[in-house]
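Each chain, letter by letter, is given below.
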Amino acid sequence: MRTQVVIVGGGPSGLLLSQLLLKSGIESIVLERKTKDYVLSRIRAGILEQGFVNLMREAGVSERMDAEGFNHDGTLIAAENATFRIDFVKHTGTPVMVYGQTEVTRDLYAAREAAGGKIVYETENVIIHDAKTDAPYVTFTTGGQAQRIDCDYVAGCDGFHGVSRRTIPTDVRREYEKVYPFGWLGILSETPPVDDELIYASSERGFALCSMRNASLSRYYVQCPLTDKVEDWSDQAFWDELKRRIPDEAADKLITGPSIEKSIAPLRSFVTEPMQWGRLFLCGDAAHIVPPTGAKGLNTAASDIHYLYHALRDHYLDKSDEGIARYSAKALARVWKAERFSWWMTTLLHHFPDQTEFDLKMQQADIAFLRDNEAAQKAMAENYVGLPY
Ligand code: APR
Ligand code: PHB
């Protein structure tokens, strides 16, 4: 088999890239280790930057998102004794869109299938060969059959645990990591959201977040020790803890109900450099991870896809390889800013087990500064709605 671009990984990054390439007449094949149902069972954040929304529109996959997603013009920050609002539209002219990542992925699969795009599911033992030459190829097995696809380029969109990053030799690859000493316990419940906007709450007992998917589906999180197990948290224990961490006014009107999903996620910041090795490009979680505070995971994957899509377009349509040569540098420049913002929001709002009295005072002063200072609010709003590509 032969194609122009082999895309390893059928998560949102890989699917969005394949759909954009298709719009420009560039052929690709997506290789996914799991089944479609498995990929669609993963629950992730639900905040889309305008840049991501625009890419979905450009890919022709925005119909349901435009109909069902809703814009948020700001967000609430709650700390001891103070709740204040960051007004995105006032400070940047741009809202964010609330639309679940699972729905994004579902729409991308539907579009891919409608267009007759090639996706090979349940691939095993994917190996990327000769990425440093002009003739790379990818081998794998599926249904017990060994396969080989020759291609011009390989896009590594296979997430943190994929093979693409590990294809880059260790003497070339540099990794940067910070593991946080806590996780997020999240639940999804078929209850109306407690507020029209998200509430990021910092409290002595730890961080909490009130989020949503739509008017009758809510997503809530509480910071928890990494040693906690989901089984140890009854729904009642979750709701009780959430109420202790959010402002009284919100706790009083919170509508609780049975959880339909409950899970614990660890928090990590991670970046690998470079994001390109010969004809192999890394995109999304394959190259970087952010802690979920600020919802930058999918949005940072989107800027990689934007840069790579344009680089490949310039190569095939305009015979220019400048974008290809500059992919890693361009992508990383934006990635590091998203890493900084996610790290800052995490540090600002969480309770750290080894926090000194001084650290706590700094955190309180940082929150007070944000509450009282328009320039700080503007800086936060600019980062939250997404820095330019
Ligand atoms: N071969 C083929 N597919 C693989 C392999 C492999 N060796 N390893 C992993 N995959 C698949 C996974 O099964 C998964 O479906 O690659 C896909 C990667 O998808 P994600 O982990 O979702 O990563 P990405 O598409 O970059 O999405 C960006 O934004 O909010 C964040 O972490 C969140 O998923 C999210 C991400
Ligand atoms: C979510 O809705 O799951 C969500 C929203 C905002 C975040 C993180 C997660 O910062």
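What you see is a predicted model; the values in this text were computed from it and never measured. (Residues numbered from 1 in each chain as written. Chains lettered and ligands numbered in written order. Predicted model: local features only at pLDDT ≥ 70, side-chain atom pairs only at ≥ 80, totals over all residues. Heavy atoms only, no water.)

**Student:** When you look at the pattern of salt bridges in this model, what are you seeing that I'm missing?
**Tutor:** Pairs can form between side chains of opposite charge once their charged atoms are near each other. This model, assessed by the stated rule, comprises 25 salt bridges. R64 is the salt-bridge partner of E68, the closest N and O atoms lying 3.2 Å from each other. Here E68 and its partner R64 are both found in helix α4 (residues 63-68), four residues apart, which amounts to about one turn of the helix. Among the residues examined, R64 registers a relative accessible area of 27% and is labelled partly exposed. One salt bridge connects D150 with R148, and the closest N-O pair in it is separated by 2.8 Å. What makes D150 partly exposed here is its relative accessible area of 23%. Relative accessible area serves as the criterion here: at 40%, R148 is assigned to the partly exposed category. Each of R64, E68, E103, R106 and D107 takes part in a single network of salt bridges with overlapping partners. (Salt bridge = Lys/Arg side-chain N within 4 Å of Asp/Glu carboxyl O. Helix = DSSP H or I, 4+ residues; strand = E, 2+ residues; numbered from the N terminus. Buried < 20%, exposed > 50% of the residue type's maximum accessible area, 1.4 Å probe, protein only.)

**Student:** Whenever I open this one, the packing of helix α3 (residues 50-58) against helix α10 (residues 297-318) confuses me. Can you help?
**Tutor:** At a minimum axis distance of 9 Å, the contact between α3 and α10 shows a crossing angle of 50°. Put simply, α3 runs oblique to α10. Here the hand of the crossing between α3 and α10 comes out left-handed. Residue-level inspection shows F52, L55 and E58 of α3 in contact with α10, the latter providing L298, N299, A302, H306, Y309 and H310. Counted by class, the contact of α3 with α10 contains five nonpolar, three polar and one charged residues. (Axes fitted to C-alpha atoms, helices over the stretch in contact; angles between N-to-C directions. Parallel < 35°, antiparallel > 145°, perpendicular 65-115°, else oblique. Left-handed = near helix turned anticlockwise from the far one by under 90°. Contact = heavy atoms within 4.5 Å. Nonpolar A, V, L, I, M, F, W, Y, C, P; charged D, E, K, R; others polar.)

**Student:** Which parts of the structure should I look at to understand the packing of α10 against helix α11 (residues 322-349)?
**Tutor:** Axes are the key here: two packed helices are described by the angle between their axes and the distance separating the axes. Taken N-terminus to C-terminus, the directions of α10 and α11 make an angle of 165°; their axes are 9 Å apart at the nearest point. In terms of orientation, α10 lies roughly antiparallel with respect to α11. Crossing of α10 against α11: the hand is right-handed. Contacts from N299, T300, S303, D304, Y307, L308, A311, L312 and H315 of α10 reach α11 at G323, I324, Y327, K330, A331, R334, V335 and A338.

**Student:** When you look at the site of ligand 2 in this model, what are you seeing that I'm missing?
**Tutor:** As a matter of local geometry, ligand 2 sits amid 15 residues, with Y200, S211, R213, Y221 and G294 nearest to it. A distance of 2.9 Å separates an oxygen atom of ligand 2 from a polar atom in the backbone of G294. The separation between an oxygen atom of ligand 2 and a polar main-chain atom of A295 is 3.2 Å. Summarising the interface, the protein chains cover 100% of the accessible area of ligand 2, which totals 280 Å² for the free molecule. Looking at the shell around ligand 2, the elements that each hand over two or more residues are β15 (208-214) and β16 (217-224). The biggest single contributor to the shell around ligand 2 is β15, with three residues. For the shell around ligand 2, the residue count by class is nine nonpolar, four polar and two charged. Split by domain, the shell around ligand 2 shows at least three residues from each of two domains, domain 1 (5-71 + 96-177 + 268-347) and domain 2 (180-266 + 350-385). (Near = heavy atom within 4 Å. Polar contact = N/O pair within 3.5 Å; in protein donor to acceptor, adjacent residues only side chain to side chain. Areas by Shrake-Rupley, 256 points an atom, 1.4 Å probe, with all protein chains shown as cover. Domains from an automatic or database assignment.)

**Student:** When you look at α11 in this model, what are you seeing that I'm missing?
**Tutor:** Since the α-helix packs 3.6 residues into each turn, any two residues three or four apart lie on the same face. Over its 28 residues, α11 runs 41 Å from end to end, which matches the ideal 40 Å to within 8%, given 1.5 Å per residue. At S328, α11 shows its maximal bend, which comes to roughly 40°. (Expected span 1.5 Å × (residues − 1). Bend = angle between axes of the 7 residues up to and from the residue.)

**Student:** Help me understand the domain arrangement of the chain in this model?
**Tutor:** Where interface size is quoted, it is often the accessible area lost as the parts come together. In terms of domain boundaries, the chain breaks down into domain 1 (5-71 + 96-177 + 268-347) and domain 2 (180-266 + 350-385). Relative placement of domain 1 and domain 2: their C-alpha centres are 29 Å apart. Counting residues at the interface gives 26 residues for domain 1 and 23 residues for domain 2. Buried area between domain 1 and domain 2, summed over both chains or domains, comes out near 2,000 Å², and the portion from carbon and sulfur atoms is 65%. The largest contributions to the domain 1 side of the interface with domain 2 come from I43, W344 and T346, which together make up 24% of the buried area. The tally of links between domain 1 and domain 2 comes to zero salt bridges. Where domain 1 meets domain 2, there are seven residue pairs in polar contact (both at pLDDT 80 or more). Counting only elements with at least two residues in the side of domain 1 that touches domain 2, the list comes to β7 (96-98), β17 (259-273) and α11. (Buried area = accessible area lost by both parts, 1.4 Å probe.)

**Student:** It is not clear to me how the packing of aromatic side chains should be interpreted in this structure. Could you clarify?
**Tutor:** Note on aromatic pairs: each is described by the distance of the centres and the angle between the planes. Throughout the structure, instances matching the rule amount to 18 aromatic pairs. The structure contains a cluster of three or more aromatic residues connected by ring pairs, namely F88, W184, Y200, F207, Y221, F341, W344 and Y384. Stacked on the ring of Y38, the Lys or Arg K34 has its end atom at 4.6 Å from the ring centre. The ring centre of Y137 lies 3.6 Å from the NZ or CZ of R148, which sits over that ring. (Phe/Tyr/Trp six-rings, centres within 6.5 Å; stacked < 30°, edge-to-face > 60°. Lys NZ or Arg CZ within 6 Å of the ring centre and 35° of its normal.)

**Student:** Looking at this structure, how should I read the sheet that holds strand β6 (residues 82-87)?
**Tutor:** Either a parallel or an antiparallel arrangement is found when strands of a sheet pair, and the pairing is made through backbone hydrogen bonds. Sheet architecture is open: eight strands sit in the order β6-β5-β14-β15-β16-β13-β17-β20, paired in mixed fashion. Two strands bound the open sheet, and with one partner strand each, they are β6 and β20 (288-289). Judged from the two bridges that link them, β17 and β20 form a sheet pairing that is antiparallel. What sits directly across from V271, in β20, is H288. Against the sheet, α11 contacts β5 (74-79), β13 (174-189), β14 (199-201), β17 and β20, and its axis sits at roughly 130° relative to β17. Each of β5, β6 and β14 touches helix α13 (residues 374-385); the most contacted strand, β6, lies at about 60° to it. (Pairing = 2+ DSSP bridges.)

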